[in-house]
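Chains, contacts and geometry: an overview
Letter by letter, the chains look like this.
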Amino acid sequence: MEKFLINLKTKESNKRPSDEELQLGVELEKRQKNTPAIRKFLQKWKVGRSWLRYEDPRGMWCFLCNDNYQKVKHLVSNRSMISGCKSFKVESLKYHEESRAHQLAVEIHKNTIEQPMQSPAHHALCKLDQETQNKMAILFRNTHALAQNNKSFKDYTWLCELDEAKGLTIGKTYRNPKAAKTFCTTIAESERRSLFTDIDTASFLALTMDGSTDAGVIEQETIFARYSKNGKVTTKFIGISSPPKPYADGILAALFESLARLNLDENTLKQKLVGFGCDGAAVMLGRKSGVATKLQEMQPSLLITHCLVHRYTV
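This write-up is about the structure you can find in this document. Throughout, a residue's number is its position along its own chain's written sequence, starting from 1. Given that the model is predicted, a residue must reach a pLDDT of at least 70 before its local features are reported, and side-chain atom pairs must reach 80 or more before they are shown or counted; all residues, however, enter totals for whole chains, interfaces and linings. In computing side-chain properties, one takes all heavy atoms of the structure into account and sets aside hydrogens as well as water.

**Describing the sheet that holds strand β4 (residues 219–229)**
Here, strands pair whenever DSSP counts at least two bridges between them. Numbering of helices and strands starts at the N terminus; helices are DSSP runs of H or I of at least 4 residues and strands are runs of E of at least 2. A sheet is described by the order of its strands in space; here five strands give the open sequence β5-β4-β3-β6-β7, paired in mixed fashion. A single partner strand is all that each edge strand has here, and the edge strands are β5 (232–241) and β7 (303–306). Pairs of neighbouring strands in the sheet enclose a mean axial angle of 20°, with direction left out of account. Summarising the sheet, strand β6 (residues 273–278) and β7 pair through four bridges and their orientation is parallel. The partner of cysteine 278 across the bridge, within β7, is histidine 306. We call two residues in contact when some of their heavy atoms are within 4.5 Å. Angles run from 0 to 180 degrees between N-to-C directions of axes, and those axes are lines fitted to C-alpha atoms, restricted for helices to the stretch in contact. Against the sheet, helix α11 (residues 177–201) engages β3 (205–213), β4 and β5, with an angle of about 55° to β4.

**Re the pattern of salt bridges**
By convention in these notes, a salt bridge is any Lys or Arg side-chain nitrogen within 4 Å of a carboxyl oxygen on Asp or Glu. Inspection of the entire model under this criterion finds nine salt bridges. Of the charged contacts in the structure, one is a salt bridge between arginine 49 and glutamate 97, with a shortest N-O distance of 3.2 Å. With arginine 49 in the loop between α2 (19–34) and β1 (52–55) and glutamate 97 in helix α6 (residues 90–97), the pair connects residues that are 48 residues apart, well separated along the chain. Exposure classes here rest on a 1.4 Å probe applied to the protein chains alone. A residue is buried below 20% of its type maximum, exposed above 50%, and partly exposed in between. Judged by its relative accessible area of 12%, arginine 49 falls in the buried class. Accessibility expressed as a relative area gives 26% for glutamate 97, which makes it partly exposed.

**Some thoughts on the side chain of lysine 272**
Tracing the backbone through its elements, the reader meets lysine 272 in helix α13 (residues 266–272). With no salt bridge to any partner, buried lysine 272 finds its closest opposite charge in aspartate 200, at an N-O distance of 4.3 Å. Each polar contact in these results corresponds to two N or O atoms within 3.5 Å; when the atoms are within protein, one needs to be able to donate a hydrogen and the other to accept it, and residues that are neighboring in sequence are counted only if both atoms are side-chain atoms. Separated by 2.5 Å, the side chain of lysine 272 and the backbone oxygen of aspartate 200 make a polar contact. If we ignore the near neighbours within four places in the chain, the residues touching lysine 272 are Ile199, Asp200, Thr201, Ala202, Ser203, Phe204 and Leu205. Residues scored as charged are limited to Lys and Arg (positive) and Asp and Glu (negative), so that His and the chain ends carry no count.

**Observations concerning a nonpolar patch on the surface**
Any residue with relative accessible area above 30% and no salt bridge may belong to a patch, with like charges joined within 9 Å and the nonpolar Val, Leu, Ile, Met, Phe, Trp and Tyr side chains within 5 Å. Here the accessible surface of atoms and residues is derived via Shrake-Rupley with a 1.4 Å probe, and residues count as covered only by protein chains that are part of the display. Together, Phe224, Phe237 and Ile240 make up an exposed nonpolar region whose accessible area comes to about 270 Å². By the element assignment, phenylalanine 237 lies in strand β5. Phenylalanine 237 sits in the partly exposed class, given a relative accessible area of 43%.

**Points about the pairing of β4**
With eight bridges connecting them, β3 and β4 associate as antiparallel partners. In the strand pairing of β4, threonine 213 is matched with glutamate 219. Direction of pairing for β4 relative to β5: antiparallel, over a ladder of nine bridges. Its bridge partner being in β5, arginine 226 is matched across the sheet by threonine 235. Between β4 and β5, which follow one another and run antiparallel, lie two residues, and asparagine 230 among them has a positive phi close to 55°.

Pasting the structure below:
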């Protein structure tokens, strides 16, 4: 009986496939060749790449280049690893790792976060003697005075000459308008970091907005933040931004753009925003689609205030 079954299986296995079966096999093989393989993100790619992030549906991206985009954008040739890359290939990661923009972002991250005491900037600062620090303090103070009083950088040169006439030692370098512009940018960056720290540590936040047109008849929105620091209510200037559209959505986009310069986002408003002050324009206080209404949808506990000065003039 067993020999009979074995012979039967052998005959069935040696049976030649029909023409229909052969044709079906050929078609299946063609379909497999023409169908592109579905690539997926592999978690093992994160090993040795602490900068790599993945989120569906955004894809994979580099958080270092994303966070330091303003500082490395002049070297960025492809924004896919910043906005989100869906080409799930290890070659894409290797290409990004070798890019100059990524290498600069890594260096910035190491200098500012991971090893601030070992950064080249820190070592250079340690080498400065007290005299040099005093010289730089005077030059920075002159630049700050110009910016605070809305003066031209061209006045920086004669301010330095005036300090020298007073008997102050300021050296012969960094005494031109270009240096003043560099100092002003550094001061602004320091102020932005300080403001971000204050808002980030504050429990509550209120915003004040007012719009006007500049000499080019372009709408500009001025934004201020109001918060409590060490028990003292503080009002700080956040920035001026031009809305892409003169509607509520455009003004909101301008607000978020100004907040993004401080590394703040929509989640900050959802968690901390308690007050919003503005003029009485319909685009600001409209009940259906005004800016205040849209912010209140984001934070239902928001207290909206119609500016008393604007109300008085009306």
